[in-house]
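Architecture and fold: a report
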Amino acid sequence: MVAVADVFAPARLGPVELRNRVIKAATFEGMTPHALVTDDLIAYHLRPARGGVGMTTVAYCAVSPEGRTDRHQIWMRPEAVPGLRRLTGAVHAEGAAVCAQIGHAGPVANAASTRLPALAPTRRPSPLSMRMIKAASASDLQRITHAHAQAAVTAREAGFDAVELHFGHNYLVSSFLSPRLNKRTDEFGGSLANRARVARAIASAVRDAVGGQLAITAKLNMDDGVPGGFWLDESIQVAQWLEADGSVDALELTAGSSLLNPMYLFTGDAPIREFAAVFPQPLRAGIQLAGGRFLRFTFVALARALLREPDLIRRMQADPAVRSLCIHCNKCLPTIYRGTHCVLAAPGET
Ligand SMILES: Cc1cc2nc3c(=O)[nH]c(=O)nc-3n(C[C@H](O)[C@H](O)[C@H](O)COP(=O)(O)O)c2cc1C
């Protein structure tokens, strides 16, 4: 536990010196219509940077085109670099560091949107695309491991200070960790050591590719929030292996499954009506009917509170009595499809 005063003191994260310990957690922005950086995306990250955070996190930069949840998300490729450079330069000019969340969405990818097959440890139907998700082959896994390393190199070239590996929410790596989603009988399934093989290989490949030039963190599930899922006992072991491998500088702990239980990590109510409104039929009717059932360490990562008030950190530094105005209504969640924002903040405020 860090004393409150230390939260605002400079701190080292791997090779990076942060001006304080507060990190804006990844909140998918919905501001990359051609899978490229826009001025809106830059403005979005300038707000918490000006508001005093130590580092802001750009969500979610896929390592390959089929690793996006939808086709409008950035995937790390040379074409994306000039825009990403503009973004990192603008954030640095405000005194904050900037991290790219990189990963592969695996079974959470919507193949109907990406127009490429989604991948999972084991073949299964997708509730998102209504298509079958393909079982990843050993060569798919090799390609995706290499793509993570390449994405980290691209992030470095684009001026990022850190990469965060997405090992949560039943995205690809997390789906391999999950005993519920991973029913393989090869070297990637069965024992925890086998299920953790993809996570460890990716983290090590990223470390080998960028060495100490970038901070490397991983966002790791503690609990999938579904029966038979990945849970704390196994998560602690995976965290220990990652630490022993020397591949990551820190872990951001998370929970839940974007596939099977997306609301598990959020305090507060499920915004079912608002989610239904942004989806076309027949998905809309399905969410209205079944939504109620479906949506049920020393650094401080904040997401919703900084959507509500991007300047929260500066205000807290000036006055420790300041409290967040975020009420965890979760109505920011459905806004990720059209430009992520807090619905309670005045226009232009977030
Ligand atoms: C609108 C919204 C979008 C999010 N998008 C992502 C994302 O792209 N990647 C991710 O790892 N987490 C995502 N999250 C989860 C947050 O990073 C964070 O883990 C979660 O909101 C809990 O932190 P909080 O209580 O400070 O809000 C999102 C959260 C919100 C509210």
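Reference entry: report on the structure contained in this document.

The rules behind these values
Residues numbered from 1 in each chain as written. Predicted model: local features only at pLDDT ≥ 70, side-chain atom pairs only at ≥ 80, totals over all residues. Heavy atoms only, no water. Axes fitted to C-alpha atoms, helices over the stretch in contact; angles between N-to-C directions. Helix = DSSP H or I, 4+ residues; strand = E, 2+ residues; numbered from the N terminus. Left-handed = near helix turned anticlockwise from the far one by under 90°. Contact = heavy atoms within 4.5 Å. Nonpolar A, V, L, I, M, F, W, Y, C, P; charged D, E, K, R; others polar. Near = heavy atom within 4 Å. Polar contact = N/O pair within 3.5 Å; in protein donor to acceptor, adjacent residues only side chain to side chain. Buried < 20%, exposed > 50% of the residue type's maximum accessible area, 1.4 Å probe, protein only. Pairing = 2+ DSSP bridges. Core = buried A, V, L, I, M, F, W, Y, C linked by side-chain atoms within 4.5 Å.

Where helix H5 (residues 138–157) contacts helix H8 (residues 197–210), the axes come no closer than 8 Å and their chain directions differ by 35°. Crossing hand, H5 versus H8: right-handed. Residues Leu141, Thr145, His148, Ala149, Ala152, Val153 and Arg156 of H5 touch H8, and the partners they reach there are Val198, Ala201, Ile202, Ala205, Val206, Ala209 and Val210. For the contact of H5 with H8, the class distribution of residues is eleven nonpolar, two polar and one charged.

A separate point is the site of the ligand. Taken together, 18 residues form the shell around the ligand, and within it Ala26, Phe28, Gln101, Lys219 and Arg304 come nearest. A distance of 2.6 Å separates an oxygen atom of the ligand from a polar backbone atom of alanine 26. Alanine 303 is positioned such that a nitrogen or oxygen atom in its backbone is 2.9 Å from an oxygen atom of the ligand. Taken together, the residues of the shell around the ligand break down into eleven nonpolar, five polar and two charged.

Before going further, it helps to spend a moment on unusual backbone geometry. Of note in the backbone geometry, histidine 169 takes a positive phi value of approximately 60° without being a glycine. Note that histidine 169 resides in the loop between strand S9 (162–167) and helix H6 (172–177).

Turning our attention to the side chain of glutamine 101. Note that glutamine 101 resides in strand S5 (residues 97–103). Glutamine 101 sits in the buried class, given a relative accessible area of 4%. The contacts of glutamine 101, once residues within four sequence positions are left out, are Ala26, Thr57, Val58, Ala59, Tyr60, Cys61, Glu164, His166 and Lys219.

Time to look at the sheet that holds S5. On the basis of which strands lie adjacent, the open sheet formed by seven strands has the order S11-S10-S9-S5-S4-S3-S12 and parallel pairing. Two strands close off the open sheet at either side, each with one partner strand: strand S11 (250–255) and strand S12 (300–302). Averaged over all neighbouring strand pairs, the angle between strand axes comes to 30°, with direction disregarded. Pairing between strand S10 (residues 215–223) and S11: six bridges, direction parallel.

So, on to the nonpolar core. Ranked by internal contacts, the top residues of the largest apolar core, which has 62 residues, are Ile102, Val163 and Phe167. Counting residues per element, this core draws most heavily on H5, which supplies seven residues. With residues up to four places along the chain from it excluded, the contact list for valine 163 reads Cys99, Ala100, Ile102, Ala152, Ala155, Val206, Leu214, Ala215, Ile216 and Thr217. Counting 17 residues, the second-largest nonpolar core is a separate cluster that includes Tyr60, Ala105, Val108 and Leu260.

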